[in-house]
Amino acid sequence: MPKPSLSNPAAVRDGFVDAIGNTPLIALPKLSAAIGRTILGKAEFLNPGGSVKDRAARGIIEDFERRGLLAPGGTVVEGTAGNTGIGLALVGNARGYRTVIVMPDDQAAEKYGLLRTFGAELHVVAAVPFTNDANYYHAARRIAESIPGAVWSNQFENTANRAAHEATTGPEIIAQTGGELNAFVAAAGTGGTIAGVGLALKAYDPSIAVVLADPYGSALFSYVKTGELATEGDSNAEGIGIKRITANFDGAPVDDALRVDDRTLVEMAHWLLRAEGLFVGGSAALNVAAAARYARTLPSDSVVVTVLCDGGERYRSRLYDDDWLRENDVVPFAQDLAFL
Ligand code: PMP
């Protein structure tokens, strides 16, 4: 491919796919000052498709290409809460693949709209439990099987997902902190982020704690604490929380877990916007809350890294909408960090 002749070609990313990753690590100065520990957020909302899942999308598609299963004109099928579909659709457009995306019908409206705008073929199915054959995950597999030559991305069981984080997100965090971090805190949707980053960090320094941040309604908090999958309560958080052990989560080197409720998530999202100028989605807010709570259990000069998974634009009709907040009884009221 001809390269543009620019004065500093090393500073130029070669197309959409090459623009994924190498996101900034952003210190949260007001939060860090308030709790007396340094909290750093990996700004995944600055990926070109707007979320941490751009990395998984690239990793999964390049793995299919390497194995000779996908060539230009091919079709990629995925079941997703939205962000993986968005990443796949954009990587697909850049590489010449058609994308067929299956989503449950309980996600923020913005994500369906983006997928349609990006040209993905979108199938919206009823949000039913994984054990029901009509669940979006099984629907995606059936659609992939019905299209000749199509590949099923299968982000939950396809470990090219976590390998992408082990190869990129983890090493970036080590380089950006000079390896000077005490803990990494992240929620799991497929487990790709926490497992991949966790493996990279543990290989570098086994004393770095890897901590799961879990919403209510997910079974992973119980799994980390007791070895048993069990759920309690519920959550409106999108893209995170699992009730089963996926291949991507399996074997993740997780030392501890914290559970964060939706009220805390909403308070943190609005506080981050007001106090730090950071407009992020719910999983990012949950991650920051969990990172701060975990950091408070560590010595006062500790450094904790977490993930700002995606931006707030995607959730303006929910997390940042007064009516939705009222209907869900989570109108934020704290002006300071008292909720933490
Ligand atoms: N936050 C959001 C908004 C997501 O869409 C996802 C992926 N479903 C995650 C966090 C979790 O990432 P992972 O799949 O790597 O566990």
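Residues numbered from 1 in each chain as written. Predicted model: local features only at pLDDT ≥ 70, side-chain atom pairs only at ≥ 80, totals over all residues. Heavy atoms only, no water.

(A) Focus on the overall build of the protein. Across its full length, the protein carries twelve helices and ten strands. Relative to the compact-globule value of 20 Å for 340 residues, the protein shows a C-alpha radius of gyration of 19 Å, a close match. In terms of principal-axis extent, the alpha carbons of the protein reach across some 55 × 50 × 40 Å. The proportion of buried residues among the 340 residues of the protein is 58%. Across the protein, contacts joining residues at least 24 apart in sequence account for 70% of those joining residues at least 6 apart. Just so you have it, the protein exposes about 13800 Å², and 51% of that area is on carbon and sulfur atoms. (Helix = DSSP H or I, 4+ residues; strand = E, 2+ residues; numbered from the N terminus. Rg over C-alpha atoms; globule rule 2.2 N^0.38 Å. Buried < 20%, exposed > 50% of the residue type's maximum accessible area, 1.4 Å probe, protein only. Contact = heavy atoms within 4.5 Å. Areas by Shrake-Rupley, 256 points an atom, 1.4 Å probe, with all protein chains shown as cover.)

(B) Region of the structure containing the packing of aromatic side chains. In total, this model carries five aromatic pairs according to the counting rule given. Both rings, one in Tyr137 and one in Phe156, keep their centres 5.8 Å apart while their planes meet at 75°; by these two values the pair is edge-to-face. On the criterion of sequence distance, the pair formed by Tyr137 in helix H6 (residues 136-146) and Phe156 in the loop between strand E6 (151-152) and helix H7 (160-177) is long-range, its members being 19 residues apart. Like Tyr137, the residue Phe156 is buried in the burial classification. Every member of this aromatic cluster is reached through a ring pair, and the members are Phe130, Tyr137, Trp152 and Phe156. Between Arg244 and the ring centre of Phe130, over which it is positioned, the NZ or CZ distance is 3.7 Å. The ring of Tyr137 has Arg244 sitting right over it, with the charged end atom 5.3 Å from the ring centre. (Phe/Tyr/Trp six-rings, centres within 6.5 Å; stacked < 30°, edge-to-face > 60°. Lys NZ or Arg CZ within 6 Å of the ring centre and 35° of its normal.)

(C) Spotlight on helix H4 (residues 83-95). The end-to-end C-alpha separation of H4 is 18 Å, in line with the 18 Å expected for 13 residues at 1.5 Å each. Next to the buried residues of H4 lie helix H1 (15-18), helix H3 (53-66), strand E3 (75-79), strand E4 (98-104) and helix H5 (109-117). Two residues or fewer after H4 comes Gly96, characterised by a positive phi angle close to 85°. (Expected span 1.5 Å × (residues − 1).)

(D) Representation of the sheet that holds strand E1 (residues 25-27). Within the open sheet, the six strands sit side by side as E1-E2-E10-E7-E8-E9. Their pairing is mixed. On the outer flanks of this sheet lie E1 and strand E9 (256-260), each paired with one strand and no other. With direction set aside, neighbouring strand axes in the sheet form an average angle of 25°. In the sheet, strand E7 (residues 183-186) pairs with strand E10 (residues 303-307) via three bridges, with the strands oriented parallel. Note on E10: the bridge partner recorded for Phe184 is Val305. Each of strand E2 (38-42), E7, strand E8 (209-215), E9 and E10 is contacted by helix H11 (residues 282-295), which is oriented at about 125° to E9, the strand it contacts most. (Pairing = 2+ DSSP bridges. Axes fitted to C-alpha atoms, helices over the stretch in contact; angles between N-to-C directions.)

(E) Seen up close, the nonpolar core. The biggest cluster of nonpolar side chains holds 49 residues, and the ones touching the most others in it are Leu31, Met268 and Leu340. The greatest single-element share of this core, amounting to ten residues, is contributed by H11. Discounting chain neighbours no more than four positions away, the residues touching Leu340 are Leu31, Ile35, Met268, Ala289, Ala292, Arg293 and Arg296. (Core = buried A, V, L, I, M, F, W, Y, C linked by side-chain atoms within 4.5 Å.)

(F) Quick peek at the domain arrangement of the protein. What the domain assignment reports for the protein is domain 1 (9-46 + 169-327) and domain 2 (53-152). One C-alpha centre belongs to domain 1, the other to domain 2; they are set 24 Å apart. Listed by partner, the interface residues are 21 residues for domain 1 and 21 residues for domain 2. Around 1700 Å² of area is buried between domain 1 and domain 2 when both sides are counted, 51% of it from carbon and sulfur atoms. When residues of domain 1 are sorted by the area they lose upon contact with domain 2, Val17, Ile20 and Arg314 head the list and together hold 39% of the total. We note a salt bridge from Arg55 to Glu172, for which the minimum N-O separation is 2.9 Å. One can count 14 residue pairs in polar contact (both at pLDDT 80 or more) joining domain 1 with domain 2. The set of elements that each furnish at least two residues to the side of domain 1 that touches domain 2 consists of H1 and H7. Of the residues contributing to the side of domain 1 that touches domain 2, the split by class is four nonpolar, seven polar and ten charged. (Domains from an automatic or database assignment. Buried area = accessible area lost by both parts, 1.4 Å probe. Salt bridge = Lys/Arg side-chain N within 4 Å of Asp/Glu carboxyl O. Polar contact = N/O pair within 3.5 Å; in protein donor to acceptor, adjacent residues only side chain to side chain. Nonpolar A, V, L, I, M, F, W, Y, C, P; charged D, E, K, R; others polar.)

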